[in-house]
Amino acid sequence: MSRIGNHRLLGMLGATVLAIGTIAAVVAPANASTGAAAAATAKSGAAHASNVKDVCGTAKPGFARCFAQIRTDVHEPAHIGRVAGTAKAAAATLPAGFGPADLQSAYKLPTTGGANQTVAIVDAGDDPTAEADLAVYRSTYGLSACTTANGCFTKVNEQGKTTPVPADQGWGVEIALDLDMVSAACPQCKILLVEADQPTGDDLGKSVNTAVSLGATEVSNSYGATESSVTPADAAYYTHPGVAIVASSGDSGYGIPAEPAVFSSVISVGGTSLTKATNARGWSETAWQGAGSGCSAWVDKPAWQTDANCPGRMVADVSADADPQTGPAIYVTDTPDLEGLPSGWNVVGGTSASSPFIAGVIALAGNPAKYNNASAFYTPGAKTGLNDVVGGNNVTFQDCGGDYQCNAVTGYDGPTGLGTPNGLSAF
């Protein structure tokens with residue numbers, strides 16, 4: 001598939017419900033430059049609130065960017081939560097933002113499981129304090145230690161070697177977020193951090209291959225670049241039967257989908273706004289406005305995805321909390337490029353939070369071979385294991401005219417997919 005075909009455009013025009021935003025999402029890539037550099041240029045995030053900052057900013061042509069978003073109005077000193085001993089002792093000084101217990105409660109997750117699973121996170125550049133920061137996060141919340149010494153944590157470069165480490169690319173917050181969210185979802189899982197030399201498609205893709213070759217059972221990718229005519233050629237990096245490959249849907253709202261989330265072999269993770277409530281669940285969720293969604297012009301629709309108004313691959317598949325206003329607490333000290341934002345405890349969101357969390361949930365359930373793609377979520381039996389998110393939208397730069405592609409409706413929708421975890425039965 002090289003360019004959008006007439007049959008696909010006609011299919012869009014003949015849909016029962018057709019939105020102007022959808023046409024833009026399908027036609028724009030076909031009219032764009034097909035050069036590799038232009039193809040991999042990631043657009044910047046959605047129109048954020050004044051108290052939110054993109055960690056990675058706008059990517060250079062030919063590069064991907066991470067999707068983490070940090071709150072600029074919530075910060076706690078590094079010593080908060082650094083309490084030795086029991087979880088009870090640490091609880092008195094817990095930082096702002098959701099911790100593991102909150103997320104486990106919201107999504108009805110057990111606290112044990114996944115000990116035979118290795119969740120890999122792929123990021124760009126070295127975070128020199130990754131292991132030390134992870135230790136603070138886990139000890140604060142009473143989670144068992146995950147270190148190089150005990151075999152739980154491993155950090156390698158994109159060639160799979162422990163040295164030399166690549167140069168820091170300013171992704172320290174992203175790396176800390178990924179490590180902490182895997183820990184929150186699956187405290188007993190092993191964690192493999194693969195650091196690409198730089199955030200290019202080839203470097204990141206090779207890092208995914210390395211993660212799988214080193215035994216990862218799940219691989220989370222919290223980054224992306226806008227899809228284009230070169231997108232299908234990159235799919236091989238993210239196709240690994242027997243391993244669950246998970247990717248963030250993006251944080252620019254509705255529009256042109258991002259790769260790698262758009263690949264049919266990838267579980268695309270959207271985002272919600274999660275709040276405590278007085279209902280039976282104890283929590284409520286709506287679509288997060290920044291959550292990426294869209295209809296692919298370059299990746300064919302997989303047979304297991306049957307939504308009516310998109311003839312190509314539709315993003316996303318499932319979701320979890322991603323709104324930085326309702327985000328998790330993370331601990332990070334590698335913040336050299338964040339213009340004065342201090343290190344320590346921060347609240348961070350974006351679908352960069354939901355992707356590693358869902359990877360951890362898949363690992364917690366222990367069935368990664370079921371997720372060579374997202375088809376298992378689309379089976380009728382999976383519905384009871386997912387919270388159907390209804391309400392909210394991800395209209396930022398484009399509107400889909402009330403369609404499910406940008407509005408959280410009953411059943412499938414673009415921003416939240418089929419829903420969020422409701423225990424492990426869907427996983």
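Here the structure is shown first, and the text comes after it.
Residues numbered from 1 in each chain as written. Predicted model: local features only at pLDDT ≥ 70, side-chain atom pairs only at ≥ 80, totals over all residues. Heavy atoms only, no water.

A separate point is the overall build of the protein. Helices and strands together make up the secondary structure of the protein, namely nine helices and 19 strands. Considering only contacts in the protein between residues 6 or more positions apart, those separated by 24 or more positions represent 77%. With the model as given, the accessible surface of the protein reaches about 14400 Å², and the carbon-plus-sulfur share is 56%. (Helix = DSSP H or I, 4+ residues; strand = E, 2+ residues; numbered from the N terminus. Contact = heavy atoms within 4.5 Å. Areas by Shrake-Rupley, 256 points an atom, 1.4 Å probe, with all protein chains shown as cover.)

Another point: the packing of helix H7 (residues 172-185) against helix H9 (residues 351-365). A pair of packed helices can be characterised by two numbers: the angle between their axes and the separation between those axes. The contact between H7 and H9 brings their axes to 8 Å, and the two run at 35 degrees. For the pair H7 and H9, the sense of crossing is right-handed. Residues Glu174, Leu177, Asp178, Met181, Val182, Ala184 and Ala185 of H7 touch H9, and the partners they reach there are Ser352, Ala353, Pro356, Phe357, Gly360, Val361 and Leu364. Split into classes, the residues belonging to the contact of H7 with H9 amount to 10 nonpolar, two polar and two charged. (Axes fitted to C-alpha atoms, helices over the stretch in contact; angles between N-to-C directions. Left-handed = near helix turned anticlockwise from the far one by under 90°. Nonpolar A, V, L, I, M, F, W, Y, C, P; charged D, E, K, R; others polar.)

Tallied over the entire structure, the rule returns seven salt bridges. A salt bridge links Lys301 to Asp307, with the shortest nitrogen-to-oxygen separation between them at 2.7 Å. (Salt bridge = Lys/Arg side-chain N within 4 Å of Asp/Glu carboxyl O.)

Quick look at the sheet that holds strand E17 (residues 344-349) now. Spatially, E1-E3-E17-E16 is the arrangement adopted by the four strands of the open sheet, whose pairing is antiparallel. In this open sheet, the two strands that pair with only one neighbour each are strand E1 (52-54) and strand E16 (329-332). The average angle at which neighbouring strand axes cross in this sheet is 45 degrees, direction not considered. Across four bridges, E16 lies against E17 in antiparallel orientation. For Tyr331, the partnering residue across the bridge sits in E17 and is Trp345. (Pairing = 2+ DSSP bridges.)

The next subject is the state of the cysteines. Evaluation of the coordinates by the stated rule reveals five disulfides. Between the sulfur atoms of Cys186 and its disulfide partner Cys189 the distance amounts to 2.0 Å. Handedness of the Cys186-Cys189 disulfide follows from its S-S torsion of about 70 degrees: it is right-handed. For the pair Cys186 and Cys189, a shared accessibility class is recorded, and that class is buried. Between the sulfur of Cys400 and that of Cys406 lies a disulfide, 2.1 Å long from S to S. On the sign convention where negative means left-handed, the S-S torsion of about -90 degrees between Cys400 and Cys406 marks this disulfide as left-handed. (Disulfide = S-S within 2.5 Å. Buried < 20%, exposed > 50% of the residue type's maximum accessible area, 1.4 Å probe, protein only.)

Taken as a whole, this structure holds 13 aromatic pairs when the rule is applied. Geometrically, the ring pair formed by Tyr378 and Tyr412 is tilted, given 6.0 Å between the ring centres and 35 degrees between the ring planes. Of the two residues, Tyr378 is situated in the loop between H9 and strand E18 (386-387) and Tyr412 in the loop between E18 and strand E19 (420-421); the sequence distance between them amounts to 34 residues. Taken individually, Tyr378 and Tyr412 each receive the classification buried, so the pair is uniform in this respect. Cation over ring: Lys60 sits above Phe63, and NZ or CZ is 4.5 Å from the ring centre. (Phe/Tyr/Trp six-rings, centres within 6.5 Å; stacked < 30°, edge-to-face > 60°. Lys NZ or Arg CZ within 6 Å of the ring centre and 35° of its normal.)

Along helix H6 (residues 130-140), the residues classified as buried are Ala130, Asp133, Leu134, Val136, Tyr137, Arg138 and Thr140. Taken from the residues just after H6, Gly142 is the one with a positive phi, measuring 75 degrees.

If you trace the three strands from one edge of the open sheet to the other, you get E2-E8-E10, paired in antiparallel fashion. On the outer flanks of this sheet lie strand E2 (65-66) and strand E10 (258-259), each paired with one strand and no other. Where strand E8 (residues 223-226) and E10 come together, two bridges link them in antiparallel fashion. Bridge pairing in E10 places Ala225 opposite Glu259.

Attention now moves to the environment of Gln305. Along the chain, the position of Gln305 falls in the loop between strand E13 (294-300) and strand E14 (312-315). By relative accessible area, which is 2% here, Gln305 ends up buried. In this structure the C-alpha to C-alpha distance between Gln305 and Phe377, which are 72 residues apart in sequence, comes to 9.9 Å. Beyond its immediate stretch of four places on either side in the chain, Gln305 contacts Gly312, Arg313, Met314, Asp317, Tyr378 and Tyr412. A polar contact of 2.9 Å, which involves the side chain of Gln305, links it to the backbone nitrogen of Met314. (Polar contact = N/O pair within 3.5 Å; in protein donor to acceptor, adjacent residues only side chain to side chain.)

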